[in-house]
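Examination of the molecular architecture
Chain residues, written in single-letter form:
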Amino acid sequence: MKSMAFVVLGTAACAAAAQPNPAFPTRPIRLIVPFVPGGNIDINARAIAPGLTELLGQNVVVDNRGGAGGLIGTELVAKSAPDGHTLAVGSSGTLTVAPAAYSKMPYDVLRDLSLVLPLSYAPIVLVVNPSLPAKTVKDFIALAKSRPGKMTMGSGGSGTSNHFAGELFQLENGLKFVHVPYKGAFPALIDIMAGQIDMQFDQLSASSGFIRSGKLRGLVVAGAKRHAVVPDVPTFAESGLKNCEAGTLAAMVGPANLPPAVLAKLNEAGNKTLAMPATRERFASVGADILGGTPAQLQAMVRQEIEVWKRVAKAASIKLD
């Protein structure tokens, strides 16, 4: 399976014809991150919060609500008042992987959420503790085959995108890892560095700093070419591996039935924030590609990704309930 190829859409105005409502927002906006601090989605939220605060004239406060692979925080937003004052940064895990992994969800992505703005796309990188006796991904595969069912794989929770990226890797290479779900990807990284678990298929945006500092070893990264933030880490194609690439979409979402004027204002402010030099520099520094665009474009991305992960779930016989 080849991962979805996203293009940078640039600044785009919301297609809604309604004019932004000058009365919105009337109080601080809560931007929920459905994971613990430090991971890719948290990085996205903290990268856009200052620009949104400036443009909307109200504080945008990041609120981490981790648990259940991101479902708890996302459900909180789905059930909030549709006035635009409670939003979330959704991920592939909460928006596209979970619908493929669970037969029963606490929310329906396309019915219970307003899809406001695509934010970024972060490729997956396989990271291990530097002490692991594997210098390349081929070494790693050989090591894993010599230890069937014994090597431990962390993730941000069952049904998250890094969990599914790891399942895809196992499926394509005839491997079996012990899955160790956390309340977010960052605690798993800490345990890899501490030698408590062996690996994680993590978003490059969250792992790149640790790779550069030598605290983690990056073995292989998704993408058509090597990434400037970790130029020594080869791609799947360079490593001779097929159908293993994956990444994580990050997006701003809100509860369903946001007033068109509120949706338009949030989309416009979000796109302008993504175009700010400080925002672009922050995303570039961690290896995430800025997207931007309209709610309709985000909906198309979400629908396409759901179908991709449904195929992976079926092929790997993954059912989380």
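Worth saying up front: this structure is predicted, and the values here are computed from it rather than measured. (Residues numbered from 1 in each chain as written. Predicted model: local features only at pLDDT ≥ 70, side-chain atom pairs only at ≥ 80, totals over all residues. Heavy atoms only, no water.)

The helix and strand tally for the protein chain stands at 11 helices and 10 strands. Relative to the 2.2 N^0.38 estimate, which gives 20 Å for 321 residues, the radius of gyration of the protein chain is 19 Å and therefore close to what a compact globule would have. Projecting the C-alpha coordinates of the protein chain onto the three principal axes gives extents of approximately 65 × 40 × 30 Å. Within the protein chain, buried positions represent 60% of all 321 residues. Intrachain contacts of the protein chain at a sequence separation of at least 6 include 80% that bridge at least 24 residues. For the protein chain, the accessible surface area stands at approximately 12600 Å², while carbon and sulfur atoms represent 54% of it. Once the 30 positive and 22 negative side-chain charges of the protein chain are each reduced to a mean point, those two points are 3 Å apart. (Helix = DSSP H or I, 4+ residues; strand = E, 2+ residues; numbered from the N terminus. Rg over C-alpha atoms; globule rule 2.2 N^0.38 Å. Buried < 20%, exposed > 50% of the residue type's maximum accessible area, 1.4 Å probe, protein only. Contact = heavy atoms within 4.5 Å. Areas by Shrake-Rupley, 256 points an atom, 1.4 Å probe, with all protein chains shown as cover. Lys, Arg positive; Asp, Glu negative; His and termini not counted. Charge placed at Lys NZ, Arg CZ, Asp CG, Glu CD.)

A few words on the packing of aromatic side chains. Centre distance and the angle of the planes are the two values used to describe a pair of aromatic rings. Applying the stated criterion to the full structure yields 5 aromatic pairs. Judged by centre distance (5.8 Å) and plane angle (80 degrees), the ring pair of F164 and W309 falls under edge-to-face. Here F164, found in helix α6 (residues 161-173), pairs with W309, found in helix α11 (residues 295-315); they are 145 residues apart in sequence, far enough to count as distant. Judged by relative accessible area, which is 3%, W309 ranks as buried. Here F169 and F201 contribute two aromatic rings whose centre-to-centre distance is 5.0 Å and whose plane-to-plane angle is 50 degrees, an arrangement assigned as tilted. Here the residue F169 occupies a position in helix α6, and F201 occupies one in strand β7 (residues 199-203), the gap between them amounting to 32 residues. The pair F169 / F201 is uniform in exposure class, with both members buried. Within the aromatic cluster, the residues linked to one another by ring pairs are F140, F169, F177 and F201. (Phe/Tyr/Trp six-rings, centres within 6.5 Å; stacked < 30°, edge-to-face > 60°.)

Our next topic: empty space enclosed by the protein. Applying the stated criterion to the full structure yields 2 cavities of 30 Å³ or more. Volume-wise, the largest cavity comes out at about 150 Å³. For the lining of the largest cavity, the secondary-structure elements that each account for two or more residues are α1 (40-56) and α6. Per-element accounting of the lining of the largest cavity gives the leading share, 3 residues, to α1. When the residues that make up the lining of the largest cavity are grouped by side-chain class, the tally is 5 nonpolar, 10 polar and 1 charged. (1 Å grid on protein atoms, 1.4 Å probe; cavity = no way out; pocket = protein on both sides within 12 Å on 5 of 7 lines; lining within 4 Å. Points joined across faces, edges and corners; volume = space filled by probe spheres on them. Nonpolar A, V, L, I, M, F, W, Y, C, P; charged D, E, K, R; others polar.)

Further remarks concern the nonpolar core. With 55 residues, the main nonpolar core has L126, F140, F169, F177, M199 and F201 as its most contacted residues. For this core, the leading source of residues is α11, giving 7 residues. Core analysis: the second largest hydrophobic core is formed by 34 residues, A45, A49, A269 and F283 among them. (Core = buried A, V, L, I, M, F, W, Y, C linked by side-chain atoms within 4.5 Å.)

This part covers the pairing of strand β5 (residues 152-155). Side-chain alternation along β5 places T152 and G154 on one buried face and M153 and S155 on a second face that is also buried. A crossover connection joins β5 to the parallel strand β6 (residues 178-181) through α6; in handedness this β-α-β unit is right-handed. Sheet topology places β5 next to β7; 2 bridges connect them, and they run parallel. Residue pairing across strands places M153 opposite M199, the latter belonging to β7. (Right-handed = clockwise from strand over helix to strand, strands pointing away. Pairing = 2+ DSSP bridges.)

Turning next to the layout of surface pockets. There is about 200 Å³ of room inside the second largest pocket. In this structure, the second largest pocket is lined by 11 residues; those nearest its centre are F283, A284, A288, D289 and I290. Looking at the lining of the second largest pocket element by element, the count peaks at 3 residues for helix α10 (residues 277-286).

Before going further, it helps to spend a moment on the side chain of D63. In this structure, D63 sits in strand β2 (residues 60-64). You can call D63 buried: its relative accessible area is 17%. Residues in contact with D63, not counting those within four places in the same chain, are R30, L31, I32 and V33.

Turning our eyes to something else, we now look at α11. When the terminal C-alpha atoms of α11 are compared, their 31 Å separation across 21 residues agrees well with the 30 Å that a helix rising 1.5 Å per residue should span. Burial in α11 covers these residues: P295, L298, M301, V302, E305, I306, V308, W309, V312 and A313. Among the structural elements, α3 (92-101), α4 (109-112), β4 (113-128), α6, β9 (247-255) and α9 (260-275) are those in contact with the buried residues of α11. Looking one or two places after α11, you find S317, whose phi comes out positive at around 55 degrees. (Expected span 1.5 Å × (residues − 1).)

Take the environment of P25 next. Within the secondary structure layout, P25 lies in the segment before β1 (29-33). The buried category is assigned to P25, whose relative accessible area is 10%. For P25 and A134, which are 109 residues apart along the polypeptide, the C-alpha to C-alpha distance reads 52 Å. The contacts of P25, once residues within four sequence positions are left out, are L56, Q58, H85 and K265.

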